[in-house]
Amino acid sequence: MAADHGTDRYRPSPVGELLRERPPMARGLPEFDPDLAPAEPGPLFVDWLVEAIEAGVLDPHVMTLSTVDADGVPDARALVLRDVDAAEGGWVFATEADSPKGRQLALSPMAALSVYWPPQGRQVRIRGSVEAAPPAVSADEFRGRSPGARVAALVGRQSEPLGSLAAYDRAADEAQLLLEADPELVAAGHTVYTLRAQEVEFWQGDPGRRHVRLRYTRTGEGVGRTAWTSTLLWP
Ligand SMILES: Cc1cc2nc3c(=O)[nH]c(=O)nc-3n(C[C@H](O)[C@H](O)[C@H](O)COP(=O)(O)O)c2cc1C
(Lines give C-alpha, C1' and ligand atoms only; values in the text may rest on other atoms or scores of the structure.)
Protein backbone atom coordinates (compact mmCIF):
# COMPACT_ATOMS: atom_id res chain seq x y z
CA MET A 1 0.00 0.00 0.00
CA ALA A 2 1.39 3.38 -0.90
CA ALA A 3 -0.82 5.44 1.42
CA ASP A 4 -1.13 4.02 4.93
CA HIS A 5 -4.28 5.71 6.17
CA GLY A 6 -3.99 4.01 9.56
CA THR A 7 -0.91 6.08 10.46
CA ASP A 8 -1.29 8.96 7.98
CA ARG A 9 2.18 8.10 6.75
CA TYR A 10 3.13 7.61 3.14
CA ARG A 11 4.86 4.26 2.79
CA PRO A 12 5.86 3.36 -0.74
CA SER A 13 5.27 -0.22 -1.75
CA PRO A 14 8.21 -2.10 -3.33
CA VAL A 15 6.97 -0.82 -6.69
CA GLY A 16 6.82 2.70 -5.31
CA GLU A 17 10.44 2.32 -4.11
CA LEU A 18 11.43 1.10 -7.55
CA LEU A 19 9.89 4.22 -9.10
CA ARG A 20 11.49 6.53 -6.53
CA GLU A 21 14.91 5.37 -7.71
CA ARG A 22 14.09 6.65 -11.20
CA PRO A 23 13.80 10.44 -11.18
CA PRO A 24 12.57 11.52 -14.60
CA MET A 25 14.70 13.66 -16.89
CA ALA A 26 17.89 13.30 -14.85
CA ARG A 27 20.07 13.83 -17.89
CA GLY A 28 21.25 16.56 -20.24
CA LEU A 29 18.29 18.09 -22.06
CA PRO A 30 18.05 20.75 -24.75
CA GLU A 31 17.49 24.38 -23.85
CA PHE A 32 14.30 26.00 -25.07
CA ASP A 33 14.38 29.76 -25.51
CA PRO A 34 10.76 30.92 -25.84
CA ASP A 35 11.92 34.28 -27.21
CA LEU A 36 13.13 32.43 -30.30
CA ALA A 37 9.92 30.40 -30.71
CA PRO A 38 7.87 30.98 -33.86
CA ALA A 39 4.60 32.93 -33.74
CA GLU A 40 2.56 29.79 -34.46
CA PRO A 41 2.60 26.38 -32.77
CA GLY A 42 2.49 24.24 -35.94
CA PRO A 43 6.05 24.94 -37.11
CA LEU A 44 7.42 24.48 -33.58
CA PHE A 45 5.65 21.11 -33.26
CA VAL A 46 7.13 20.02 -36.59
CA ASP A 47 10.62 21.12 -35.46
CA TRP A 48 10.33 19.12 -32.21
CA LEU A 49 8.86 16.10 -34.04
CA VAL A 50 11.69 16.10 -36.57
CA GLU A 51 14.24 16.40 -33.74
CA ALA A 52 12.60 13.42 -32.01
CA ILE A 53 12.77 11.41 -35.25
CA GLU A 54 16.41 12.36 -35.80
CA ALA A 55 17.25 11.42 -32.18
CA GLY A 56 15.89 7.94 -32.85
CA VAL A 57 12.79 8.15 -30.64
CA LEU A 58 10.79 4.95 -31.10
CA ASP A 59 7.34 5.67 -32.54
CA PRO A 60 7.77 9.45 -32.28
CA HIS A 61 4.43 9.95 -34.05
CA VAL A 62 2.39 7.98 -31.49
CA MET A 63 0.29 10.35 -29.40
CA THR A 64 -2.38 9.95 -26.73
CA LEU A 65 -5.85 11.00 -27.85
CA SER A 66 -8.16 11.95 -25.00
CA THR A 67 -11.90 12.21 -25.40
CA VAL A 68 -14.93 12.20 -23.11
CA ASP A 69 -17.78 9.71 -23.20
CA ALA A 70 -21.50 10.37 -22.98
CA ASP A 71 -21.29 10.54 -19.16
CA GLY A 72 -18.44 13.06 -19.26
CA VAL A 73 -15.91 10.41 -18.18
CA PRO A 74 -12.50 10.88 -19.82
CA ASP A 75 -11.04 8.18 -22.05
CA ALA A 76 -7.59 8.02 -23.62
CA ARG A 77 -5.62 5.80 -25.96
CA ALA A 78 -2.52 5.84 -28.15
CA LEU A 79 -2.82 6.41 -31.87
CA VAL A 80 -0.67 7.31 -34.81
CA LEU A 81 -0.38 10.91 -35.92
CA ARG A 82 -0.90 10.90 -39.70
CA ASP A 83 -0.07 14.48 -40.56
CA VAL A 84 0.27 18.03 -39.30
CA ASP A 85 -1.17 21.05 -41.06
CA ALA A 86 1.36 23.45 -39.59
CA ALA A 87 -0.14 26.56 -41.20
CA GLU A 88 -3.72 25.85 -40.11
CA GLY A 89 -2.87 24.34 -36.70
CA GLY A 90 -4.39 20.95 -37.56
CA TRP A 91 -3.32 17.51 -36.27
CA VAL A 92 -4.52 14.55 -38.35
CA PHE A 93 -5.30 11.00 -37.21
CA ALA A 94 -7.49 8.17 -38.44
CA THR A 95 -9.73 5.61 -36.84
CA GLU A 96 -13.01 3.77 -37.11
CA ALA A 97 -16.01 6.07 -36.68
CA ASP A 98 -17.90 3.23 -34.96
CA SER A 99 -15.20 2.61 -32.33
CA PRO A 100 -15.75 3.97 -28.82
CA LYS A 101 -13.51 6.95 -29.55
CA GLY A 102 -15.31 7.60 -32.86
CA ARG A 103 -18.67 7.57 -31.09
CA GLN A 104 -17.31 9.81 -28.33
CA LEU A 105 -16.08 12.28 -30.94
CA ALA A 106 -19.47 12.23 -32.69
CA LEU A 107 -21.15 13.11 -29.40
CA SER A 108 -18.57 15.60 -28.20
CA PRO A 109 -16.21 16.72 -30.96
CA MET A 110 -13.59 18.11 -28.60
CA ALA A 111 -10.36 16.29 -27.81
CA ALA A 112 -6.79 16.51 -26.61
CA LEU A 113 -3.64 15.03 -28.09
CA SER A 114 -0.47 14.71 -26.05
CA VAL A 115 2.98 13.31 -26.59
CA TYR A 116 6.19 12.95 -24.56
CA TRP A 117 9.56 12.54 -26.23
CA PRO A 118 11.92 11.20 -23.51
CA PRO A 119 15.37 11.91 -25.01
CA GLN A 120 14.54 15.62 -25.17
CA GLY A 121 12.33 15.70 -22.06
CA ARG A 122 9.67 17.39 -24.17
CA GLN A 123 5.91 17.23 -23.90
CA VAL A 124 3.34 18.78 -26.24
CA ARG A 125 -0.34 19.09 -25.31
CA ILE A 126 -2.94 20.06 -27.88
CA ARG A 127 -6.63 20.79 -27.24
CA GLY A 128 -9.32 21.70 -29.69
CA SER A 129 -12.25 20.69 -31.84
CA VAL A 130 -12.25 17.62 -34.05
CA GLU A 131 -13.69 17.41 -37.53
CA ALA A 132 -14.14 14.35 -39.72
CA ALA A 133 -12.91 14.50 -43.31
CA PRO A 134 -15.43 13.93 -46.13
CA PRO A 135 -15.92 10.17 -46.79
CA ALA A 136 -14.17 10.39 -50.18
CA VAL A 137 -11.04 11.82 -48.53
CA SER A 138 -11.04 9.13 -45.82
CA ALA A 139 -11.49 6.46 -48.51
CA ASP A 140 -8.57 7.86 -50.48
CA GLU A 141 -6.36 7.81 -47.36
CA PHE A 142 -7.44 4.21 -46.73
CA ARG A 143 -6.42 3.04 -50.21
CA GLY A 144 -2.93 4.44 -49.59
CA ARG A 145 -2.39 2.12 -46.61
CA SER A 146 -0.44 -1.12 -46.58
CA PRO A 147 -2.48 -4.27 -47.34
CA GLY A 148 -1.95 -5.46 -43.75
CA ALA A 149 -3.33 -2.22 -42.31
CA ARG A 150 -6.30 -2.36 -44.69
CA VAL A 151 -7.09 -5.96 -43.72
CA ALA A 152 -6.99 -5.04 -40.02
CA ALA A 153 -9.33 -2.12 -40.61
CA LEU A 154 -11.66 -4.21 -42.78
CA VAL A 155 -12.06 -6.66 -39.91
CA GLY A 156 -13.55 -3.73 -37.99
CA ARG A 157 -15.58 -4.15 -34.78
CA GLN A 158 -12.89 -2.27 -32.89
CA SER A 159 -13.18 -2.66 -29.11
CA GLU A 160 -16.10 -5.12 -29.25
CA PRO A 161 -15.62 -8.24 -27.08
CA LEU A 162 -13.79 -10.99 -28.99
CA GLY A 163 -14.63 -14.63 -28.27
CA SER A 164 -11.23 -16.07 -29.17
CA LEU A 165 -8.08 -15.23 -31.10
CA ALA A 166 -9.11 -17.89 -33.62
CA ALA A 167 -12.29 -15.90 -34.31
CA TYR A 168 -10.13 -12.88 -35.16
CA ASP A 169 -7.94 -14.98 -37.46
CA ARG A 170 -11.01 -16.22 -39.35
CA ALA A 171 -12.32 -12.67 -39.75
CA ALA A 172 -8.89 -11.47 -40.94
CA ASP A 173 -8.70 -14.31 -43.49
CA GLU A 174 -12.14 -13.34 -44.81
CA ALA A 175 -11.14 -9.68 -45.01
CA GLN A 176 -7.96 -10.67 -46.85
CA LEU A 177 -9.99 -12.56 -49.48
CA LEU A 178 -12.38 -9.63 -49.88
CA LEU A 179 -9.48 -7.23 -50.38
CA GLU A 180 -7.84 -9.52 -52.93
CA ALA A 181 -11.13 -9.71 -54.84
CA ASP A 182 -11.53 -5.92 -54.74
CA PRO A 183 -8.31 -4.00 -54.05
CA GLU A 184 -10.30 -0.74 -53.99
CA LEU A 185 -12.38 -1.92 -51.04
CA VAL A 186 -12.62 0.60 -48.18
CA ALA A 187 -13.50 -0.24 -44.58
CA ALA A 188 -16.90 1.15 -43.69
CA GLY A 189 -16.43 3.82 -41.08
CA HIS A 190 -12.72 4.39 -41.69
CA THR A 191 -12.41 8.10 -40.99
CA VAL A 192 -9.68 10.69 -41.08
CA TYR A 193 -10.07 13.35 -38.38
CA THR A 194 -8.40 16.69 -37.89
CA LEU A 195 -7.99 18.18 -34.44
CA ARG A 196 -8.05 21.92 -34.98
CA ALA A 197 -6.00 23.25 -32.10
CA GLN A 198 -7.37 25.96 -29.86
CA GLU A 199 -4.43 25.63 -27.43
CA VAL A 200 -1.00 24.09 -27.82
CA GLU A 201 1.46 23.86 -24.95
CA PHE A 202 5.15 23.12 -25.37
CA TRP A 203 6.90 21.84 -22.26
CA GLN A 204 10.66 21.62 -22.14
CA GLY A 205 11.85 19.66 -19.16
CA ASP A 206 14.93 20.69 -17.21
CA PRO A 207 16.94 18.38 -14.92
CA GLY A 208 17.01 21.21 -12.34
CA ARG A 209 13.20 21.50 -12.58
CA ARG A 210 13.29 24.95 -14.19
CA HIS A 211 10.97 23.58 -16.84
CA VAL A 212 9.97 26.00 -19.59
CA ARG A 213 6.34 26.04 -20.68
CA LEU A 214 4.96 28.02 -23.58
CA ARG A 215 1.28 27.95 -24.36
CA TYR A 216 -0.16 29.18 -27.65
CA THR A 217 -3.85 30.13 -27.82
CA ARG A 218 -5.72 30.69 -31.05
CA THR A 219 -7.10 34.21 -31.10
CA GLY A 220 -8.71 34.41 -34.50
CA GLU A 221 -9.84 32.48 -37.50
CA GLY A 222 -7.13 33.80 -39.77
CA VAL A 223 -4.08 31.87 -40.84
CA GLY A 224 -0.81 33.57 -40.09
CA ARG A 225 1.07 35.31 -37.36
CA THR A 226 -1.93 37.22 -36.01
CA ALA A 227 -3.96 34.07 -35.37
CA TRP A 228 -2.09 33.04 -32.20
CA THR A 229 -0.96 34.54 -28.94
CA SER A 230 1.50 32.87 -26.60
CA THR A 231 2.35 33.01 -22.92
CA LEU A 232 4.83 31.44 -20.55
CA LEU A 233 3.35 29.25 -17.77
CA TRP A 234 4.64 28.58 -14.28
CA PRO A 235 6.16 25.12 -14.28
C1 LIG B 1 1.34 2.45 -30.70
C2 LIG B 1 -0.13 2.39 -30.96
C3 LIG B 1 -0.65 2.97 -32.10
C4 LIG B 1 -2.03 2.92 -32.36
N5 LIG B 1 -2.54 3.55 -33.46
C6 LIG B 1 -3.88 3.56 -33.65
C7 LIG B 1 -4.45 4.33 -34.72
O8 LIG B 1 -3.76 5.03 -35.47
N9 LIG B 1 -5.80 4.28 -34.88
C10 LIG B 1 -6.61 3.54 -34.05
O11 LIG B 1 -7.82 3.52 -34.26
N12 LIG B 1 -6.10 2.84 -33.01
C13 LIG B 1 -4.76 2.84 -32.79
N14 LIG B 1 -4.23 2.16 -31.73
C15 LIG B 1 -5.14 1.39 -30.86
C16 LIG B 1 -5.81 2.33 -29.85
O17 LIG B 1 -4.88 2.67 -28.82
C18 LIG B 1 -7.05 1.68 -29.21
O19 LIG B 1 -6.72 0.45 -28.60
C20 LIG B 1 -8.15 1.42 -30.24
O21 LIG B 1 -8.20 2.43 -31.22
C22 LIG B 1 -9.51 1.32 -29.56
O23 LIG B 1 -9.76 2.52 -28.88
P24 LIG B 1 -11.24 2.95 -28.40
O25 LIG B 1 -11.84 1.72 -27.78
O26 LIG B 1 -11.03 4.06 -27.44
O27 LIG B 1 -11.98 3.40 -29.63
C28 LIG B 1 -2.87 2.22 -31.45
C29 LIG B 1 -2.33 1.66 -30.29
C30 LIG B 1 -0.98 1.76 -30.04
C31 LIG B 1 -0.44 1.17 -28.76
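Scroll up to find the structure.
Residues numbered from 1 in each chain as written. Predicted model: local features only at pLDDT ≥ 70, side-chain atom pairs only at ≥ 80, totals over all residues. Heavy atoms only, no water.

Some remarks on the site of the ligand
Around the ligand, 13 residues are found, and the nearest of them are R77, A78, T95, K101 and S159. Relative to its unbound accessible surface of 620 Å², the ligand loses 64% to contact with the protein. Of all the secondary-structure elements, those providing two or more residues to the shell around the ligand are β4 (74-80), β6 (90-96) and α3 (100-107). Here the shell around the ligand gets four residues from one element, more than from any other, and that element is β4. For the shell around the ligand, the class distribution of residues is six nonpolar, four polar and three charged. (Near = heavy atom within 4 Å. Areas by Shrake-Rupley, 256 points an atom, 1.4 Å probe, with all protein chains shown as cover. Helix = DSSP H or I, 4+ residues; strand = E, 2+ residues; numbered from the N terminus. Nonpolar A, V, L, I, M, F, W, Y, C, P; charged D, E, K, R; others polar.)

Quick look at the pattern of salt bridges
Opposite charge on two side chains lets them pair, provided their charged atoms get close. For the structure shown, the criterion picks out ten salt bridges. The salt bridge involving R22 is made with E21; its shortest N-O contact spans 3.9 Å. Taking the relative accessible area as the measure of exposure, R22 reaches 53% and is therefore exposed. Overall, E21 belongs to the exposed group, its relative accessible area being 57%. When the shortest N-O distance is used, the salt bridge between E51 and R122 registers 2.9 Å. Linking E51 in helix α2 (residues 41-54) with R122 in strand β8 (residues 122-132), this pair joins segments that are 71 residues apart in sequence. (Salt bridge = Lys/Arg side-chain N within 4 Å of Asp/Glu carboxyl O. Buried < 20%, exposed > 50% of the residue type's maximum accessible area, 1.4 Å probe, protein only.)

Topic: the packing of helix α5 (residues 147-155) against helix α6 (residues 165-181)
At a minimum axis separation of 8 Å, α5 and α6 run at an interaxial angle of 115°. Viewed along their axes, α5 and α6 form a crossing whose handedness is right-handed. For the pair formed by α5 and α6, the contact residues are P147, R150, V151, A152, L154 and V155 on the first element and Y168, A171, A172, A175, Q176 and L179 on the second. A breakdown of the residues in the contact of α5 with α6 according to their chemical character gives ten nonpolar, one polar and one charged. (Axes fitted to C-alpha atoms, helices over the stretch in contact; angles between N-to-C directions. Left-handed = near helix turned anticlockwise from the far one by under 90°. Contact = heavy atoms within 4.5 Å.)

Considering the environment of E174
Tracing the backbone through its elements, the reader meets E174 in helix α6. According to the relative accessible area criterion, E174 is exposed, its value standing at 53%. Distance from E174 to Y216, taken between C-alpha atoms, is 47 Å for residues 42 residues apart in sequence.

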